[in-house]
Amino acid sequence: MDYLKLSEKVISLFFEDYNFNLIGKISWNPVSDREKEKYFNKTGKEKTRQRIRYSTEEELKTNSIPKEKNTSKYSSFQNFYISKIEKDNIFYCVIDVCNYRMGQKNRYEFKIMNNEKKIDLSNIKIDMIDRYQLMIR
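Keep in mind that this is a model prediction, so the values were computed, not measured.

J.: Honestly, the overall build of the protein in this entry has me stumped. Any pointers?
T.: Assigned secondary structure in the protein consists of two helices and six strands. Listing every helix and strand of the protein by position from the N terminus yields α-β-α-β-β-β-β-β. In terms of overall dimensions, the protein has C-alpha extents of about 55 × 40 × 25 Å along its principal axes. The buried share among the 137 residues of the protein stands at 35%. Restricting to contacts in the protein with at least 6 residues of sequence separation, those with at least 24 account for 61%. For the protein, the computed accessible surface area is about 9400 Å², with 46% contributed by carbon and sulfur atoms. Where the 27 positive side-chain charges of the protein centre and where its 20 negative ones centre are 4 Å apart.

J.: Looking at this model, I keep getting lost on the environment of Asp2. Mind explaining?
T.: Mapped onto the elements of the fold, Asp2 is located in the segment before helix H1 (3-14). Residues Asp2 and Arg107, spaced 105 residues apart in sequence, show a C-alpha to C-alpha distance of 21 Å.

J.: Help me understand the packing of aromatic side chains, please; the structure alone is not making it clear to me.
T.: Aromatic rings considered in pairs are described by the distance between their centres and by the relative angle of their planes. A complete count under the given rule lists 13 aromatic pairs for this structure. With a centroid separation of 4.9 Å and an interplanar angle of 65 degrees, the aromatic rings of Phe15 and Tyr108 are classed as edge-to-face. You can see Phe15 sitting in the loop between H1 and strand S1 (22-28) and its partner Tyr108 sitting in strand S5 (residues 102-112), a full 93 residues away along the chain. For the pair Phe15 and Tyr108, a shared accessibility class is recorded, and that class is buried. What links up through ring pairs into an aromatic cluster is the set Phe14, Phe15, Tyr18, Phe20, Phe80, Phe91, Tyr108 and Phe110.

J.: Could you clarify how one ought to interpret the pattern of salt bridges in this entry?
T.: When the charged atoms of two side chains with opposite charge come close together, those side chains can pair. With the rule as written, the count across this model stands at seven salt bridges. The shortest N-O distance in the salt bridge between Arg49 and Glu86 comes to 3.3 Å. With a gap of 37 residues between them, Arg49 in the loop between helix H2 (33-43) and strand S2 (54-62) and Glu86 in the loop between strand S3 (76-82) and strand S4 (90-99) connect regions that are remote in the sequence. For Arg49, a relative accessible area of 45% puts it in the partly exposed group. Taking the relative accessible area as the measure of exposure, Glu86 reaches 21% and is therefore partly exposed. Taken together, the salt bridges that share partners define one network made up of Lys25, Glu57 and Lys84.

J.: Sorry, what's going on with unusual backbone geometry here?
T.: What you tend to see is this: most non-glycine residues have negative phi, and most peptide bonds are trans. Of note in this structure, Asn89 is not a glycine but carries a positive phi near 60 degrees. Structurally, the position occupied by Asn89 is in the loop between S3 and S4. Here the phi dihedral of Tyr100 falls at roughly 65 degrees; this positive angle occurs in a residue that is not glycine. Relative to the helices and strands, Tyr100 is located in the loop between S4 and S5.

So, how was this worked out
- Residues numbered from 1 in each chain as written.
- Predicted model: local features only at pLDDT ≥ 70, side-chain atom pairs only at ≥ 80, totals over all residues.
- Heavy atoms only, no water.
- Helix = DSSP H or I, 4+ residues; strand = E, 2+ residues; numbered from the N terminus.
- Buried < 20%, exposed > 50% of the residue type's maximum accessible area, 1.4 Å probe, protein only.
- Contact = heavy atoms within 4.5 Å.
- Areas by Shrake-Rupley, 256 points an atom, 1.4 Å probe, with all protein chains shown as cover.
- Lys, Arg positive; Asp, Glu negative; His and termini not counted.
- Charge placed at Lys NZ, Arg CZ, Asp CG, Glu CD.
- Phe/Tyr/Trp six-rings, centres within 6.5 Å; stacked < 30°, edge-to-face > 60°.
- Salt bridge = Lys/Arg side-chain N within 4 Å of Asp/Glu carboxyl O.

Structural data, given as structure tokens:
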């Protein structure tokens, strides 16, 4: 799967107003033993995955910011991250926006609506299922 093309498709459909400095691919961190125990004590169920903490796997595309645009000593960026496609054709995107010292991270859940085994990016149908705010700076 070409995650750069999928990212650009999602950006063109849902996030046209953004000018991303970085497009990257992420992998979700595994659930820690402490999280599993706390979740089991609270709900009586086993926690097998989490969708909040992640690690950057690779940078797919980078756009540099002109020096005259960023004159402050604080950084300003807009990053877009995409996860692997999971079962049932669900994948997640994380947008990390920082405007000098303030910003936020939002996680979006998407589903590919095409039912074919091989996904054709030219006529793909993507639906946004959920939006969750991960963090406020």
